[in-house]
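Here is how the chains run, residue by residue.
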Amino acid sequence: MTFDPSDGGLILGTDDKNRIKRGEWNFDTARRGPYGVARHREVTRAPGRADRVRGKKIVHSSQTMTATKPRPAQFEDRPLLVFWETTKACALACAHCRACAQLEPGPDELTTSEGFALVDELAAIGRPRPILILTGGDCLQRLDISDVARYAQQQGVPVAISPSVTPYLTPELLDELLSFGVHSASLSLDGSNSHTHDTLRGIPGHYDATLDAIKMLKNHGYTTQINTTVMAGNLHELADIAVTLRELGVDVWEVFFLITTGRGTDILESTPQENEDVCNFLVDASRYGFTVRTVEAPFFRRIAAERKNDPDYHETHVPGPLYVELRDRLVAQLGEPSAPVRAPSAATRDGKGIIFIASNGDVFPSGFMPYRLGNVRHERLIDIYRENQVLRSIRAAEFSEPCATCAHAQLCGGSRARALAKTGDPLGADPGCLIVADALASSSRVSLRTH
């Protein structure tokens, strides 16, 4: 048996395969690869291609990681997306990691049987069942990742994966997960070049490895989503990233707006005006063949709606310099867009349609919002989601001013994670939104004049 670092794959010789079939060899240990990690994963014979899960499932199209459009009341009754941080273990050292990932799994991570119990609970909700997204750390460092996927398929719970790009991501494992009904995967790309991306990820050569991994996912038939974290250091590269994604045939671009939590507390975030400019640019980018969504920037939905409903938007809204720069650079490389805007408008936010389970079972409104709600080892996830008063207030848009009386409170509602990080209040206003920033600045000027 050898390890080929060129594609991160394990190469088994004929003798090795025969030993596995005879049951003489139950574990396969890879030699240390370029990331300094050894792979220990139980080897199982992948069955033939299984039928997809009947009923609600991940849509194999541009709507990856979203279910068929839910009725608004469903966000009160059940989440749309359940993120399970399956492990803290990850071979990377990303400067902005919200999970503060580590090289080895934590001692208190949910066991396989506890993971199965979580799947059972999601299955018991009934249709439409939430989508279970296996994340981390690096979800592929779970020895039982295939077992979880197979069990979820048996229970009719749709599953997507969000792995890291390391030697754990192999064609063999992708084939195995695909046979168990996993058809969607997301990877992270945080720069348009190796300098930016590799610096953030902490691994030389990781940019090129990520591009190869995207191609591998596409070649295996996965609906592929790319996650990019927006921060001050990569704002001017967003147009070039969009060009790369179009060239690679990526299905979804999910753009994360930095929350200063985890390792990201010392990273400079974008300003409210820059956020406004980036969101306007993202509406344009969504016209080049892939769907665009945002995380911790629900004001993107407000901007998309305003541009759709106001034919004079560009005359009444003076574009910021960053938007002009990004738009012009995108058009210069790809030409004028001709496709319709592809920007979903489902009004989810932290705790509304979204819930996050940490590796030890703790429950949070989202992975970027360290506001503990309970633990699935002691409480039912669906009870926490439905009954926690903070979550009920979030879903009812019971926020502080100026979010409380904003005309877009329901459609947007602000990033609850940023509100918590900046104000200490999960129901506070989101200072990353330009409307909020302008209102707060105006209020401050009035206060100074009156004093």
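Quick caveat, the model's predicted, so the values are computed rather than measured.

(A) Focus on the overall build of the protein. Summing up its helical and strand segments, the protein has 16 helices and 15 strands in all. Across the 451 residues of the protein, 58% fall into the buried class. The contacts of the protein with a sequence gap of at least 6 include a subset with a gap of at least 24, amounting to 73%. Working note: accessible area of the protein is about 18,900 Å², and carbon and sulfur atoms make up 51% of it.

(B) Inspection of the pattern of salt bridges at higher detail. The tally for this structure, following the rule as stated, stands at 19 salt bridges. Among the salt bridges present, the one from Arg377 reaches Glu114, with a minimum N-O distance of 2.9 Å. Of this pair, Arg377 sits in the loop between strand 15 (374-375) and helix 13 (381-387) while Glu114 is found in helix 3 (residues 112-124), placing the two residues 263 residues apart along the sequence. In this structure, Glu269 and Lys422 form a salt bridge, with 2.4 Å as the shortest nitrogen-oxygen distance. Here the residue Glu269 occupies a position in the loop between strand 10 (252-257) and helix 9 (272-285), and Lys422 occupies one in helix 15 (residues 416-423), the gap between them amounting to 153 residues. For Lys422, a relative accessible area of 41% corresponds to the partly exposed category. Each member of the salt-bridge network shares a partner with another, and the members are Asp77, Arg78 and Arg386.

(C) Summary view of the nonpolar core. Of all hydrophobic cores here, the largest spans 107 residues; its most connected members are Leu132, Leu134, Leu177, Trp253, Phe281, Leu282 and Leu330. Discounting chain neighbours no more than four positions away, the residues touching Leu282 are Trp253, Val255, Phe257, Val292, Thr294 and Phe300.

(D) Looking closely at the environment of Leu134. Its place among the elements puts Leu134 in strand 6 (residues 131-135). C-alpha of Leu134 to C-alpha of Glu85: the two residues are 49 residues apart in sequence and 6.4 Å apart in space.

(E) View of the confidence of the model for the protein. Looking at the protein as a whole, its pLDDT mean stands at 82, while 78% of the residues score no less than 70. This stretch, residues 1-72, has a pLDDT under 50; its non-local contacts, to residues over four places away or in other chains, come to 144 contacts.

Reading the values: the criteria
- Residues numbered from 1 in each chain as written.
- Predicted model: local features only at pLDDT ≥ 70, side-chain atom pairs only at ≥ 80, totals over all residues.
- Heavy atoms only, no water.
- Helix = DSSP H or I, 4+ residues; strand = E, 2+ residues; numbered from the N terminus.
- Buried < 20%, exposed > 50% of the residue type's maximum accessible area, 1.4 Å probe, protein only.
- Contact = heavy atoms within 4.5 Å.
- Areas by Shrake-Rupley, 256 points an atom, 1.4 Å probe, with all protein chains shown as cover.
- Salt bridge = Lys/Arg side-chain N within 4 Å of Asp/Glu carboxyl O.
- Core = buried A, V, L, I, M, F, W, Y, C linked by side-chain atoms within 4.5 Å.
- pLDDT = per-residue confidence, 0-100.

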